[in-house]
Amino acid sequence: RCTVDDRVTRVAWLNRSTILYAGNDKWSIDNRVVILSNTKTQYSIKIHNVDVYDEGPYTCSVQTDNHPKTSRVHLIVQVPPQIVNISSDITVNEGSSVTLMCLAFGRPEPTVTWRHLSGKGQGFASEDEYLEITGITREQSGEYECSAVNDVAVPDVRKVKVTVNYPPYISNAKNTGASVGQKGILQCEASAVPVAEFQWFKEDTRLANGLEGVRIESKGRLSTLTFFNVSEKDYGNYTCVATNKLGNSNASIILYG
């Protein structure tokens, strides 16, 4: 808007040095720019669908009693934050180094932060477009959230899933007692990514399902060896072996009377 009085004889709007309007005559070829009012008190233009390239100085130039006068206004164009490029979901082996990237655009320049959405609460991971994790651990797996913030509009938020592979670790393997003629169950629990495959041995002999009243069930982290009718020869030392592509782990479990 440009406020004028009745002494004004000529009016014009300029963008930098380009004339947009002179009086009611349009000089600009941009159809987004239109004249809004040209009266004795106001000379205003309107820009539809503003773009970042419209930012800059605009000048209202008037002629009064042969004296030119100008009034300048600076247009600042704000743009909501937008994440334009972000790392894909990734699977890595434990101990690897990982770099996650999150590039964002906006005006003013948005602040980009990474945080780890872990079960232990949400910890800030990085106040930067790049998050570097050296020697990643299994505890650092999970979802990482990138936020781009600039106060023009709501933050833009995206997530990346990081899967950390690690070899099996047998966390629970207890010796178990069972009476002759009763049911006996040995359990072996192993943490691993990818999930471990289990094998059971007695001495050097691998046990198979359905052999002499024995059942092996493996589901997720847990494998069970069930004896439906324990006999004296079942007592002794059993070995549980958990294996994935990164390695294996074993534990000795005793079935006693």
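Conventions and cut-offs
- Residues numbered from 1 in each chain as written.
- Predicted model: local features only at pLDDT ≥ 70, side-chain atom pairs only at ≥ 80, totals over all residues.
- Heavy atoms only, no water.
- Pairing = 2+ DSSP bridges.
- Helix = DSSP H or I, 4+ residues; strand = E, 2+ residues; numbered from the N terminus.
- UniProt positions renumbered as here; feature names shortened; annotations may be inferred.
- Disulfide = S-S within 2.5 Å.
- Buried < 20%, exposed > 50% of the residue type's maximum accessible area, 1.4 Å probe, protein only.
- Salt bridge = Lys/Arg side-chain N within 4 Å of Asp/Glu carboxyl O.
- Core = buried A, V, L, I, M, F, W, Y, C linked by side-chain atoms within 4.5 Å.
- Contact = heavy atoms within 4.5 Å.

**Observations regarding the sheet that holds strand E23 (residues 247-256)**
Turning to step 1, where the next piece is worked out: Sheet architecture is open: five strands sit in the order E16-E23-E22-E18-E19, paired in mixed fashion. One side of each edge strand has no neighbouring strand; the edge strands of this open sheet are strand E16 (176-177) and strand E19 (205-206).

**Points about the UniProt feature "domain: Ig-like" (unreviewed entry) in the chain**
Turning to step 1, where the next piece is worked out: Under the UniProt annotation, the feature "domain: Ig-like" (unreviewed entry) is placed at residues 1-71, 81-163 and 167-254.
Turning to step 2, where the next piece is worked out: In the segment residues 1-71, helix accounts for 0% and strand for 56%; the C-alpha atoms at its two ends are 10 Å apart.

**Describing the state of the cysteines**
Turning to step 1, where the next piece is worked out: Summed over all chains, the structure comprises three disulfides.
Turning to step 2, where the next piece is worked out: Two residues, Cys2 and Cys60, share a disulfide whose sulfurs are 2.0 Å apart. Across the S-S bond of Cys2 and Cys60 the torsion is about -85°, and the bridge reads as left-handed. Placement of the pair is Cys2 in the segment before strand E1 (8-15) and Cys60 in strand E6 (residues 56-64), with a sequence separation of 58 residues. Like Cys2, the residue Cys60 is buried in the burial classification.

**Examining the pattern of salt bridges**
Turning to step 1, where the next piece is worked out: With the rule as written, the count across this model stands at nine salt bridges.
Turning to step 2, where the next piece is worked out: One salt bridge in this structure joins Asp54 and Arg32, with 2.8 Å as the shortest N-O distance. With Asp54 in the loop between strand E5 (43-47) and E6 and Arg32 in the loop between strand E3 (25-26) and strand E4 (33-38), this pair connects stretches of sequence that are 22 residues apart.
Turning to step 3, where the next piece is worked out: Owing to a relative accessible area of 9%, Asp54 belongs among the buried residues under this scheme.
Turning to step 4, where the next piece is worked out: For Arg115, the salt bridge identified is with Glu145, shortest N-O distance 2.9 Å. Of this pair, Arg115 sits in strand E11 (residues 111-118) while Glu145 sits in strand E14 (residues 142-149), and the two are 30 residues apart along the sequence.
Turning to step 5, where the next piece is worked out: The exposure class of Arg115 is partly exposed, given its relative accessible area of 26%.
Turning to step 6, where the next piece is worked out: Salt bridges here are not isolated pairs; linked through shared partners, they connect Asp30, Arg32 and Asp54.

**Describing the nonpolar core**
Turning to step 1, where the next piece is worked out: Within the largest apolar cluster, 22 residues are counted, with the highest numbers of intra-cluster contacts made by Leu186, Trp200, Leu225, Phe227 and Tyr238.
Turning to step 2, where the next piece is worked out: Mapped by element, the contributors of at least two residues to this core are strand E17 (184-193), strand E18 (197-202), strand E20 (214-219), strand E21 (222-227), strand E22 (236-244) and E23.
Turning to step 3, where the next piece is worked out: If one sorts the elements of this core by residue count, E17 sits on top with four residues.
Turning to step 4, where the next piece is worked out: When near neighbours in sequence (up to four residues on either side) are disregarded, Tyr238 contacts Leu186, Trp200, Phe201, Lys202, Leu207, Leu225, Phe227, Ala251, Ser252, Ile253 and Leu255.
Turning to step 5, where the next piece is worked out: If you look at the next biggest cluster of nonpolar residues, it comprises 18 residues, including Val92, Val98, Ala104 and Ile133.

**Structural notes on the sheet that holds E1**
Turning to step 1, where the next piece is worked out: Here five strands make up an open sheet; going across it, the order is E3-E2-E1-E6-E7 and the pairing antiparallel. One side of each edge strand has no neighbouring strand; the edge strands of this open sheet are E3 and strand E7 (67-75).
Turning to step 2, where the next piece is worked out: Across four bridges, E1 lies against strand E2 (residues 18-22) in antiparallel orientation. Counterpart to Asn15 in the pairing with E2 is Thr18.

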